[in-house]
Amino acid sequence: MLIDEMLHLFYPRVCTGCHSLLAPKERGICPECIASFDAFSDADAAGYAVKEVFRRNYPASNQPESAWTLYRFHKNDRLQRVVHAMKYEGVHRLGNVFGTLLAEMIAGSTAAAAFSCIVPVPLNRLKVVERTYNQSEVIARAVAGVLRKDVCTDLVVCKNHTRPQAGLSLRERHSNVKDAFTPSGNVVPENILLVDDVLTTGSTATAVMRALESAGARQISLATVVLAA
Ligand SMILES: [Zn+2]
């Protein structure tokens, strides 16, 4: 893209993680920063770690059918800064980068072909106004682009203005989001891939999964960029 390259000359972009100058084709984050994150060794290890969070915190609920994640989160590391920028500073490009990496991990599995649609964890409308966009939807759209699936954002609505989950205990997180999500009334496909940016206790994902299940979803898998549990 010529215009893009010209813009880069006048407004050089820097890496969100380390502030070094990005090459014209790099988007939002440099390869060195990506290589520095604590990545899971393979998709099986990543899936096991995600499912373990649900087994531990929500043993009585249905577990995700399949699960994927890219990185383990460590307090105050570079990834934390990058995730914060993706969430609160409107750095859309990062959602695309991580969504594409996540999709490459998912694409290798047999489960990928069976998804009817990809659903981002909904963000309360007031928060969308506050942040201007839903970062999980940006990630979901990148995943969907690679896997050639549709994104459905109209299956579940977030009705309460929930408090931010950060800093809350498991019990507080659970009650904060327990009734926050309800089915919209639209037809829900049977096999869904739910996409979130960060998984901590699984409270939000579990609440969304229950809403989707109550409306007819039979198999729900989960993909999250970061595992912060
Ligand atoms: Zn960097």
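Keep in mind it's a predicted model, so treat the numbers as computed, not measured.

Rules used throughout
- Residues numbered from 1 in each chain as written.
- Predicted model: local features only at pLDDT ≥ 70, side-chain atom pairs only at ≥ 80, totals over all residues.
- Heavy atoms only, no water.
- Axes fitted to C-alpha atoms, helices over the stretch in contact; angles between N-to-C directions.
- Helix = DSSP H or I, 4+ residues; strand = E, 2+ residues; numbered from the N terminus.
- Parallel < 35°, antiparallel > 145°, perpendicular 65-115°, else oblique.
- Left-handed = near helix turned anticlockwise from the far one by under 90°.
- Contact = heavy atoms within 4.5 Å.
- Nonpolar A, V, L, I, M, F, W, Y, C, P; charged D, E, K, R; others polar.
- Phe/Tyr/Trp six-rings, centres within 6.5 Å; stacked < 30°, edge-to-face > 60°.
- Buried < 20%, exposed > 50% of the residue type's maximum accessible area, 1.4 Å probe, protein only.
- Lys NZ or Arg CZ within 6 Å of the ring centre and 35° of its normal.
- Donors = N, O, S within 2.8 Å, 3.2 Å for Na, K, Ca; no water.
- Tetrahedral: all angles 85-135°; square planar, octahedral: opposite > 155°, others 65-115°.

Peer 1: Quick question: what am I supposed to make of the packing of helix H5 (residues 92-107) against helix H7 (residues 135-147) here?
Peer 2: Viewed as axis vectors pointing N to C, H5 and H7 meet at an angle of 45°, and their least axial separation amounts to 7 Å. In this view, H5 runs oblique relative to H7, as classed from their interaxial angle. The way H5 lies across H7 gives a crossing that is right-handed. Contacts between H5 and H7 involve His92, Gly95, Asn96, Gly99, Thr100, Leu102, Ala103, Ile106 and Ala107 on the former and, on the latter, Val138, Ile139, Ala142, Val143, Val146 and Leu147. Taken together, the residues that form the contact of H5 with H7 break down as 10 nonpolar, 5 polar and no charged.

Peer 1: Quick question: what am I supposed to make of the packing of aromatic side chains here?
Peer 2: To describe a pair of aromatic rings, one takes the distance between the centres and the angle between the planes. Tallying each qualifying case throughout the model produces 4 aromatic pairs. With centroids separated by 6.5 Å and ring planes inclined at 45°, the aromatic side chains of Phe37 and Phe98 adopt a geometry described as tilted. Of this pair, Phe37 sits in the loop between helix H2 (31-36) and strand S1 (38-39) while Phe98 sits in helix H5, and the two are 61 residues apart along the sequence. Since its relative accessible area comes to 0%, Phe98 is described here as buried. These aromatic residues form a ring-pair network of at least three members: Phe37, Tyr71 and Phe98. Its end group placed over the ring of Tyr48, Arg55 keeps NZ or CZ at 5.0 Å from the ring centre.

Peer 1: What exactly am I supposed to notice about the side chain of Thr204 here?
Peer 2: Tracing the backbone shows Thr204 in helix H9 (residues 203-214). Residue Thr204 is classed as buried on the basis of its relative accessible area, which comes to 18%.

Peer 1: I tried to follow the coordination of the zinc ion on my own but got confused; where do I start?
Peer 2: Tetrahedral metal sites with four donors have an ideal angle of 109.5 degrees; octahedral sites with six donors have ideal angles of 90 or 180 degrees. For the zinc ion, the protein coordination sphere consists of Cys15 (SG), Cys18 (SG), Cys30 (SG) and Cys33 (SG), at 2.3 to 2.4 Å. Between the 4 donor atoms coordinating the zinc ion, the angles at the centre fall across 104 to 113°, so the site counts as tetrahedral. Sequence spacing among the residues donating to the zinc ion works out to C-x2-C-x11-C-x2-C. Taken together, the residues span a long stretch of sequence, with Cys18 in the loop between helix H1 (2-10) and H2 and Cys33 in helix H2 at a distance of 15 residues. Since its relative accessible area comes to 31%, Cys18 is described here as partly exposed.

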